[in-house]
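Chains, contacts and geometry: an overview
Okay, here's what each chain looks like letter by letter:
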Amino acid sequence: YTEALQDGAECVKLKPDWPKGYTRKGLAEFFLNKYDAAAETYKAGLKLAPDDATLKEGLQKAMDAKYELPGSGAGAGGGGGMGNPF
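Definitions and limits used
- Residues numbered from 1 in each chain as written.
- Predicted model: local features only at pLDDT ≥ 70, side-chain atom pairs only at ≥ 80, totals over all residues.
- Heavy atoms only, no water.
- Helix = DSSP H or I, 4+ residues; strand = E, 2+ residues; numbered from the N terminus.
- Axes fitted to C-alpha atoms, helices over the stretch in contact; angles between N-to-C directions.
- Parallel < 35°, antiparallel > 145°, perpendicular 65-115°, else oblique.
- Left-handed = near helix turned anticlockwise from the far one by under 90°.
- Contact = heavy atoms within 4.5 Å.
- Nonpolar A, V, L, I, M, F, W, Y, C, P; charged D, E, K, R; others polar.
- Core = buried A, V, L, I, M, F, W, Y, C linked by side-chain atoms within 4.5 Å.
- Buried < 20%, exposed > 50% of the residue type's maximum accessible area, 1.4 Å probe, protein only.

Looking at unusual backbone geometry
Phi at Asn33 is positive, roughly 60°, even though this residue is not glycine. By the element assignment, Asn33 lies in the loop between helix H2 (19–31) and helix H3 (35–48).

Right, here's the structure in full:
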């Protein structure tokens, strides 16, 4: 996921008005267990697209994982609806 994070960061840098770039970057941060960074990335994306369900779900999962709620971490296996777009 390190390369995915680099790709997501570049995406946000090149096209900061594209919410999907924030989704990609946030998901990579999440799977690298960088939950605070993921939450901030999802929040930035939600400023552009407040109704985006994927960004909302990503933020919720990052916050849950930060506080180690059952079934929320990157290794939880369930994955919810986030999937893996990489």
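Focus on the packing of H2 against helix H4 (residues 53–66)
One can describe the packing of H2 onto H4 by two numbers: an axis separation of 10 Å at closest approach and a directional angle of 20°. Between H2 and H4, the angle is such that the two are roughly parallel. Every pair of crossing elements has a handedness; the one defined by H2 and H4 is left-handed. Between H2 and H4, the residues in contact are Pro19, Tyr22, Thr23 and Phe30 and Thr54, Leu55, Lys61, Ala62 and Ala65, respectively. Its residues assigned to classes, the contact of H2 with H4 shows six nonpolar, two polar and one charged.

Considerations on the nonpolar core
Membership of the largest hydrophobic core comes to 14 residues, with the highest contact counts inside it found for Phe30, Ala38, Tyr42, Leu55, Leu59 and Ala62. The element contributing the most residues to this core is H3, with five residues.

Any functional reading would require information beyond the geometric quantities listed.
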